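Geometric and topological summary
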Amino acid sequence: MKSITIKGSQRESVGKKATKALRNAGKVPCVLYGGDKPVHFSADEKSFKPLVYTPDVFTATIELDGVTYSAVLQDIQFHPVNDSILHVDFYQLFEDKAVTMDIPVRLVGSSKGVMVGGALRHNLRKLKVKALPANLPDFIEADITELEIGNKLYVTKLKNDNYTILHPDNTVVAQVRMSRNAAKAAAEAEK
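An unreviewed UniProt entry lists the chain under the name Large ribosomal subunit protein bL25, with Tenacibaculum singaporense given as the organism. UniProt, in its Sequence similarities (unreviewed entry) section for the chain, records the words "Belongs to the bacterial ribosomal protein bL25 family. CTC subfamily." Note on the chain: under the UniProt heading Function (unreviewed entry), the record states "This is one of the proteins that binds to the 5S RNA in the ribosome where it forms part of the central protuberance."

So this is what it looks like as structure tokens:
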């Protein structure tokens, strides 16, 4: 999995006044959970751009005063009016501890049903996956080549030994439905 480095500094004071002063200086207050105790730090708002404003999933390497932590983005809070980042929560990764993440799904191939006039629906763009940090994929590839009109691609077709998908087996990832034009052409052909 791809990683992004975020350089920050630890916060001494955590409170309303200190947090407001940080935000006015262009910094974002952050917390790193998962270790022995939570680590409070701050980082420049610009350093979060490649991590937040993308459909891809990344792990974060957090550098705080010479100490590095491997983490994953857990929660982010935005300002309701100007969409600036207010607060970020990270979860620390350990090599022997499984973590749950939302991994993007990429559709691959050309569906037979779409070629004859069906409409492709991409129902789930991300899947909740549980795995060790070393086994986390950048994305899950879903092959739609064999989908005919009326067929569905279920989560069971995407199973892998490296990770566990945390959705029910009957969850539909993609499907090919009859489009209006194809239905109209079929109705005219019957006449």
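Further notes follow.
1. Some thoughts on the domain arrangement of the chain
Here the domain parsing of the chain yields domain 1 (3-93) and domain 2 (100-190). When each unit is reduced to the centre of its C-alpha atoms, the spacing between domain 1 and domain 2 is 34 Å. Residue-level contacts link six residues of domain 1 with seven residues of domain 2. Of the roughly 500 Å² buried between domain 1 and domain 2 on both sides combined, carbon and sulfur atoms contribute 69%. Linking domain 1 with domain 2 are one salt bridge. For D56, the salt bridge identified is with R106, shortest N-O distance 3.6 Å. At the junction of domain 1 with domain 2, the criterion picks out zero residue pairs in polar contact (both at pLDDT 80 or more). Here the residues of the side of domain 1 that touches domain 2 are counted per class, giving five nonpolar, no polar and one charged.

2. Some details on the pairing of strand β5 (residues 67-78)
When strand β4 (residues 59-64) meets β5, the two strands line up antiparallel, connected through six bridges. Looking at the pairing, A60 lines up with A71 of β5. The hairpin formed by β4 and β5 contains two residues between the paired strands, and D65 there has a positive phi angle of roughly 50 degrees. Bridge count for β5 against strand β6 (residues 85-92) is seven bridges, and the pairing is antiparallel. Paired with A71 across the strands is Q92, a residue of β6. Linkage of β5 to β6, two consecutive antiparallel strands, is achieved through a turn of six residues, within which D83 is found at a positive phi near 60 degrees.

3. Notes on the UniProt feature "domain: Large ribosomal subunit protein bL25 beta" (unreviewed entry) in the chain
Mapped onto the present numbering, the UniProt feature "domain: Large ribosomal subunit protein bL25 beta" (unreviewed entry) falls at residues 99-179. In the segment residues 99-179, helix accounts for 5% and strand for 46%; the C-alpha atoms at its two ends are 40 Å apart.

4. So, unusual backbone geometry
Notably, D65 is not glycine yet its phi reads approximately 50 degrees, a positive angle. Residue placement: D65 occurs in the loop between β4 and β5. Backbone geometry places D83, a non-glycine residue, at a positive phi of 60 degrees. Relative to the assigned elements, D83 resides in the loop between β5 and β6.

5. Thoughts on the sheet that holds β5
Ordered in space as β1-β3-β2-β6-β5-β4, the six strands form a closed barrel in which the pairing is mixed. Averaged over all adjacent pairs, the angle separating strand axes in this sheet is 45 degrees, with direction ignored. Note that strand β2 (residues 27-33) and strand β3 (residues 39-44) share six bridges and pair antiparallel. Its bridge partner lying in β3, P29 is registered against S42. Against the sheet, helix α1 (residues 16-24) contacts β2, β3 and β6, and its axis sits at roughly 125 degrees relative to β2.

6. Quick look at the sheet that holds strand β10 (residues 140-143)
Spatial ordering of the open sheet is given by β10-β7-β9-β12, a layout of four strands whose pairing is mixed. Both outer strands of the open sheet, β10 and β12 (164-165), are each paired with one neighbouring strand and no more. Both strand β7 (residues 99-108) and strand β9 (residues 126-131) contribute to a ladder of six bridges, which runs antiparallel. For M101, the partnering residue across the bridge sits in β9 and is V129.

Rules used throughout
Residues numbered from 1 in each chain as written. Predicted model: local features only at pLDDT ≥ 70, side-chain atom pairs only at ≥ 80, totals over all residues. Heavy atoms only, no water. UniProt positions renumbered as here; feature names shortened; annotations may be inferred. Domains from an automatic or database assignment. Contact = heavy atoms within 4.5 Å. Buried area = accessible area lost by both parts, 1.4 Å probe. Salt bridge = Lys/Arg side-chain N within 4 Å of Asp/Glu carboxyl O. Polar contact = N/O pair within 3.5 Å; in protein donor to acceptor, adjacent residues only side chain to side chain. Nonpolar A, V, L, I, M, F, W, Y, C, P; charged D, E, K, R; others polar. Pairing = 2+ DSSP bridges. Helix = DSSP H or I, 4+ residues; strand = E, 2+ residues; numbered from the N terminus. Axes fitted to C-alpha atoms, helices over the stretch in contact; angles between N-to-C directions.

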